[in-house]
Amino acid sequence: MQKSTYHKSILTLGLGALLFSCSDSHFEDINKDPNRPENATTTTILLNAEKQVLDNIRNENSSLRGSQLFAQYYSQNIYSDQSRYDIPRSYSDTYWSNAYKALNNLNEIIKLNSDPATKNVAAAGTAGSNANQIAIARILKAYTFQGLTDLFGNVPYQSYGNQDPEFQALQQEPENLSPAYASQQKIYVDILNELKAAGDTLIKYKSATTFGNYDVIYKGKNELWAKFANSLRLRVATRIGKQLPAESKTHFDDALAKGVFTSNADNAVFKYQSLAPNEAPLYRATVTANRKDFAVSHVIINVLKGELGTVKVQDPRLPIYATKNAAGNYVGQPYGLPVAAAGLLTATDVSLPGTVVNAANYGEVLQEYAEVAFLISEYKNWDQQEYINGVTASLQKWGVAQADITTYLAALPKADKANVLNQKYLALYTQGDEAWAEIRRTGYPTFLVKPGDVVWSRTVDGKTTDYKFQPLFGEGVPQRLYYPPKEQSVNLANYQNAVKAQGNDDITTPIWWNK
């Protein structure tokens, strides 16, 4: 394992990140030495860590070329290898390394607020109490670790409240350079407990503020962080419902009782800026890089047009999710074409991501009310009202006019497993990691392209050619990503133990909650 991966604290407090969403009074922080953690305040560490977390889960490799393709939100219109599941192992290196950098920074906040030598300084000024700072760091750690384990399965893990020998990946003294991999089952159970403990702390001090404007997500509002912790528990508990039904129900009921998202005002969102270097990841990957080789897939375009799926009217989110092509039409890029056909349609022939979605200052969602409503609908055996609440919340979030919301709701089929999960899929647009996890967990939507399906029929000079979707690896949606190749050279024994416990290190091996 590279020392940098688990190093006790790696602060990358660049100029842009420190200017990000901070008032002029915070400009002085750019003079802090980023390589000397003892000189960095917990507020600046938190600011940096939040951006690291969102930059990583939406990074071009694992998101745009990974989960967004696996969920069939986007499709490649020049190169199509990743659409057909030829996933470079280097993608794993990027995600893994950057996730642990963010986790180390979050762990540094906990350390500074726990160490008798630094805890008084950590809580000085507007940073907030030691307990509240620790609670928010624990929530973001839980969120980040869930993302890691959902991509890979068993991973090195670290807990605040549990001293299990397998939970010491971020151990600092002495540094743990070759940590064991914890099982996904143990990680998931501990994540639920971490979220519960952190949420309970913040509910107790719900009127307080923590980190102030350095907290881009909630501007320091403890009450909203508590709701986020409990809402995440609904997601995590649902994910393990098949494997650990008792634990799932206990946490779901407790989280509901203590308070979860009830409107879009509660949404956990990290809003980027319009100026470099703080633009949103999709904007950087497309506009800044001047690339148009990712278009909206024909699958979601056809669903939004009412031509595929169970809703037979045009979805008012269509002009938000996608742009019209040069001819003034919404045309999806056929998903997963062979390379020889992938470039036959140019960027002007198909619909690219919508201007709202691809804005420099886009607000990337960690979790939103629509998802929470759909989770509750599922928990209550596909409850109709929660289903309506989820659809309504998604439409409102995207700025759809009330008249159009009313028309669309009137055309919705009644709640059942397929209809609720189809709408959840549409609401999760841009949140590729979560959409991909739900596709693996539920098998829905069933309208996604499968191996052997004809994705495009092209007629030239009276001759029609049918192009079918044929994965290069596996027989369907990938079940996980490969472990980073570096793990085999620097943490070989623990890597081998993880593979032995979990199964072959390839994209067809299901992770624990999906077995």
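Residues numbered from 1 in each chain as written. Predicted model: local features only at pLDDT ≥ 70, side-chain atom pairs only at ≥ 80, totals over all residues. Heavy atoms only, no water.

## Notes on the confidence of the model for the protein chain
Here the protein chain shows a mean pLDDT of 91. Residues at 70 or above account for 91%. Mean pLDDT values over the elements of the protein chain span from 42, in helix α2 (residues 15–19), up to 99, in helix α15 (residues 369–379). The low-confidence segment residues 1–37, where pLDDT is below 50, has 86 contacts with residues more than four positions distant or belonging to other chains. (pLDDT = per-residue confidence, 0-100. Helix = DSSP H or I, 4+ residues; strand = E, 2+ residues; numbered from the N terminus. Contact = heavy atoms within 4.5 Å.)

## Some words on the packing of aromatic side chains
Summed over all chains, the structure comprises 30 aromatic pairs. Ring geometry for Trp96 and Tyr483: centres 6.0 Å apart, planes at 90°, overall edge-to-face. Taken together, the positions of Trp96 in helix α5 (residues 90–114) and Tyr483 in the loop between β6 (463–468) and α20 (485–490) put the pair 387 residues apart, joining distant regions of the chain. Just as Trp96 is buried, Tyr483 falls in that class too. Three or more aromatic residues joined by ring pairs make a cluster, and in this case those are Tyr95, Trp96, Tyr100, Phe145, Phe152, Tyr157, Tyr181, Tyr483 and Tyr495. Over the face of the ring belonging to Tyr482 we find Arg89, whose NZ or CZ atom lies 4.0 Å from the ring centre. Over the ring of Trp436 we find Arg440; its NZ or CZ atom is 3.8 Å from the centre of that ring. (Phe/Tyr/Trp six-rings, centres within 6.5 Å; stacked < 30°, edge-to-face > 60°. Buried < 20%, exposed > 50% of the residue type's maximum accessible area, 1.4 Å probe, protein only. Lys NZ or Arg CZ within 6 Å of the ring centre and 35° of its normal.)

## Section: the pairing of strand β5 (residues 454–460)
Pairing of β5 with β6 involves 6 bridges; the strand directions are antiparallel. For Val460, the partnering residue across the bridge sits in β6 and is Lys463. The hairpin formed by β5 and β6 contains 2 residues between the paired strands, and Asp461 there has a positive phi angle of roughly 55°. (Pairing = 2+ DSSP bridges.)

## Structural notes on the nonpolar core
Within the largest apolar cluster, 150 residues are counted, with the highest numbers of intra-cluster contacts made by Leu148 and Phe228. The greatest single-element share of this core, amounting to 12 residues, is contributed by helix α7 (residues 130–152). Ignoring any residue separated from it by four or fewer positions in sequence, one finds Leu148 in contact with Tyr95, Trp96, Ala99, Tyr100, Leu103, Gly153 and Val155. (Core = buried A, V, L, I, M, F, W, Y, C linked by side-chain atoms within 4.5 Å.)

## Topic: empty space enclosed by the protein
Vacant regions in the atomic arrangement are exposed by a probe of water-molecule size rolled over the atoms. If you walk through the whole model with that rule in mind, you get 6 cavities of 30 Å³ or more. Of the volumes computed, that of the largest cavity is approximately 180 Å³. Around the largest cavity sit 16 residues that line it, and Tyr143, Gly147, Arg235, Asp433 and Glu434 are the ones nearest its centre. Taken together, the elements giving at least two residues each to the lining of the largest cavity come down to α7, α9 (222–239), β4 (363–367) and α19 (432–442). Its residues assigned to classes, the lining of the largest cavity shows 6 nonpolar, 4 polar and 6 charged. (1 Å grid on protein atoms, 1.4 Å probe; cavity = no way out; pocket = protein on both sides within 12 Å on 5 of 7 lines; lining within 4 Å. Points joined across faces, edges and corners; volume = space filled by probe spheres on them. Nonpolar A, V, L, I, M, F, W, Y, C, P; charged D, E, K, R; others polar.)

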